[in-house]
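Structure at a glance
One-letter residues, chain by chain:
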Amino acid sequence: TNERVDFGQAPEGYVAGMGRGMGDQARDQGETNPLKEKLARETADLNESNFDKFSGYGGALFENAPYEADDAEADRVYEAIDERMDSRRKRARETKLLETMKRYREERPKISDQFADLKRELKDVSREDWEGIPDVGDQSLRIKQHADAR
């Protein structure tokens with residue numbers, strides 16, 4: 001017979017098809033399971049190892065909410081603001097970095113900078129003076145032999 005039986009009002013949280021192996025297809029078709037969502041909120045991992053100062057806890061706050069056009073527009077606006085703020089901070093960062101490097105070079109100049117004046121003076125050394133500079137030779141072997149003799 002094709003008679004329909006009226007079973008009355010569905011219980012709270014009932015999702016048609018969930019008990020027949022339909023699984024998450026019901027949610028994908030726009031239906032939500034309030035009991036499943038409540039359970040997910042209650043079992044969220046809220047221990048401190050899952051907490052980040054910047055973004056909070058690991059779970060997404062609106063993971064079950066649909067992503068709509070106004071959400072996309074808001075994301076674009078926030079992205080533009082982030083880029084603008086980053087460009088302002090970038091100039092300040094670069095300026096600060098240059099000042100820091102300049103101060104560092106004044107306190108700890110490179111060896112080549114320390115001897116730059118002496119290198120410039122080498123162009124005025126005569127050939128006789130240059131040839132009169134003694135050869136240093138390899139002193140490492142002599143030092144090692146002297147240390148072994150002790």
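Residues numbered from 1 in each chain as written. Predicted model: local features only at pLDDT ≥ 70, side-chain atom pairs only at ≥ 80, totals over all residues. Heavy atoms only, no water.

Quick word on the confidence of the model for the protein
Caution is warranted with low-pLDDT regions, since their predicted coordinates should not be read in detail. Residues of the protein with pLDDT of at least 70 account for 67%, and the chain-wide mean is 77. Averaged over each element, pLDDT in the protein is lowest for helix 1 (residues 25-28) (54) and highest for helix 3 (residues 69-107) (91). (pLDDT = per-residue confidence, 0-100. Helix = DSSP H or I, 4+ residues; strand = E, 2+ residues; numbered from the N terminus.)

Observations concerning the pattern of salt bridges
Applying the stated rule across the entire model yields three salt bridges. Between Arg108 and Glu107 there is a salt bridge, with its nearest N and O atoms 3.4 Å apart. Residue Arg127 pairs with Glu131 through a salt bridge whose shortest N-O separation is 3.5 Å. Of this pair, Arg127 and Glu131 both sit in helix 6 (residues 127-131), four residues apart, which is roughly one turn of the helix. Under the relative-accessibility criterion, Arg127 is labelled exposed at 65%. (Salt bridge = Lys/Arg side-chain N within 4 Å of Asp/Glu carboxyl O. Buried < 20%, exposed > 50% of the residue type's maximum accessible area, 1.4 Å probe, protein only.)

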